[in-house]
Amino acid sequence: MDGKRDVKPLGLESLAYGKGEKVMSSKVINVGLLGLGTVGRGVYRILKENGDVIGQRAGVVIRVKKVLVRDIAKNRGIEIEEGLLTGDVNDILNDPDIDIVVELLGGINPAFEYALAALTRAKSVVTANKDVIAVHGRELFAAADKHGRDLFFEGSVAGGIPIIGPLKDSLAANRIRQVIGIVNGTTNYMLTRMSKEGLPFDEVLKEAQALGYAEADPAADVEGFDSARKIAILASIAFNTRVTLGDVYVEGITRITAEDIAYAGELGFTVKLLGIAKETADGVEVRVHPAMLPKNHPLAAVNDVYNAIFVLGDAAGELMFYGRGAGELPTASAVVADIMNAARNLSLNVPGIIGCTCFEEKPVKPMGATSTRYYIRLRVSDRPGVLAGIAYVFGDNEVSLASVIQKHSAGKAAEIVLVTHEVPEKNLQNSLKKLQDLPIVYQISNVIRVEGENESS
Ligand code: NAP
Ligand code: HSE
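Thresholds, definitions, all that
Residues numbered from 1 in each chain as written. Chains lettered and ligands numbered in written order. Predicted model: local features only at pLDDT ≥ 70, side-chain atom pairs only at ≥ 80, totals over all residues. Heavy atoms only, no water. Helix = DSSP H or I, 4+ residues; strand = E, 2+ residues; numbered from the N terminus. Buried < 20%, exposed > 50% of the residue type's maximum accessible area, 1.4 Å probe, protein only. Polar contact = N/O pair within 3.5 Å; in protein donor to acceptor, adjacent residues only side chain to side chain. Near = heavy atom within 4 Å. Areas by Shrake-Rupley, 256 points an atom, 1.4 Å probe, with all protein chains shown as cover. Phe/Tyr/Trp six-rings, centres within 6.5 Å; stacked < 30°, edge-to-face > 60°.

A. Spatial organisation of the side chain of K130. In this fold, K130 is placed in helix α5 (residues 130-147). For K130, a relative accessible area of 9% puts it in the buried group. Only 3.1 Å separates the side chain of K130 from the side chain of E215, close enough to count as a polar contact.

B. Local environment of the site of ligand 1. Residues in close proximity to ligand 1 total 24 residues, the closest being L36, V39, R76, K130 and G327. One of the backbone N or O atoms of G37 is found 3.1 Å from an oxygen atom in ligand 1. Residue V39 places a main-chain N or O atom 2.8 Å away from an oxygen atom belonging to ligand 1. Protein burial of ligand 1: of its 900 Å² of free accessible surface, 85% is covered by the chains.

C. Structural context of the packing of aromatic side chains. Under the counting rule described, the total for this entry stands at three aromatic pairs. Pairing F141 with F153 gives two aromatic rings, centres 5.9 Å apart and planes at 80°, and the pair type is edge-to-face. Placement of F141 in helix α5 and of F153 in the loop between β8 (151-152) and α6 (164-170) is noted, with a sequence separation of 12 residues between them. The burial state of F141 is the same as that of F153; both residues are buried. Where Y306 meets Y322, the ring centres are 5.0 Å apart and the plane angle is 0°; that geometry is what we call stacked. With Y306 in strand β13 (residues 306-313) and Y322 in strand β14 (residues 317-324), the pair connects residues that are 16 residues apart, well separated along the chain.

Given below as structure tokens:
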């Protein structure tokens, strides 16, 4: 043995061996891109600009053969080969030379319909579409399995951060106990700008839209549904059970105010929109909501458009995956890696071997059965006996209080901020119902869960 590898990739004709190290195959894998918006453009650019290393690493030449768009006359700010754009999806679905369809349209339909049609025609599919995977993953995996093709979706969760591959592959030896993530770049950007600059909600949302981070309908970002789709996907993979969007408790950031952010700071917390998935003895817990995190928690330092996913495995322990959760090139980086894997598998004639990982059926815990600490901000009557009246309601519902602060008072009203010990959600909700009916409580201004105290390092 002289230490040199002279093993050619199976079924490939080698074009060149440079000093016995590089293998470039003549085999071409054709790709049909559905969509040339933010992510599609990034995929096209990476495949063009890094085509040489991509070819070497994948062992095949990857070529974009057709690109579907709505408007072929639109100026896209990049140079596109003549004849590449089409407005007819059948130019891709019915082309027997296209091996991989890359769905980057967004939304459920026609994205789902086209992805299913591609798999049915024995083409591998790569997508960054969490809406489709979180709602129709089961049907797509069944089609991929039936036709022996790959369905890859790394770009669908946390943009450029590798998390699906590591959960399925590098951490496959672990029982995953928890996955807690900041998985929406738009809202993390917004909360960071609101916290650091004191800017209003509407202004920072417009900035996130201009930067290409937000969904076509940004309600999906700020109301938490984008995070919910992503945590459903991660929970399904982490716990090997199908979790869909409908299983996830969802609350967005639309009720978060500058006052809450300021109180959080005073109490030693940072407000983040979290996707939380935990495996417990009586089922999996999957929820999305704003949360107060201790400032020393690893996720509390994740700012701007950055996303991070904190994973707890029984063998590997605590891990954190960090990077850009949205944007043209970071997301395209994940999509192109999936295209390379699918192309390699096709060239080696082994597509479809990594199928769906949901081989168990675990119950999803109702939200009322979960337990956490809570921050509660109330506007109350400013007179003697009010605190005792409020404390009585909490005590009566078995909600134990950890701290109470009375802050500002204006006229006859005062603001009270309470933080509870860990209590069942059901007890907290019962208390809030009772408080609403108390004449001394003018308004329940906000309730935010406190998370991460057990995981903080
Ligand atoms: P986008 O900028 O809105 O681009 C969508 C593209 O699809 C456009 O080129 C549009 O054509 C085309 N298109 C949409 N509907 C079509 C239809 N019915 N027929 C033909 N073409 C159609 O979207 P994006 O931001 O790139 O997002 C694409 C996917 O990636 C989504 O699933 C999104 O959730 C996901 N994703 C995005 C990001 C991000 O940072 N943007 C990150 C991770 C995942 P025209 O250009 O002609 O209008
Ligand atoms: N709108 C999404 C976000 C894009 O802000 O995270 C990435 O999925």
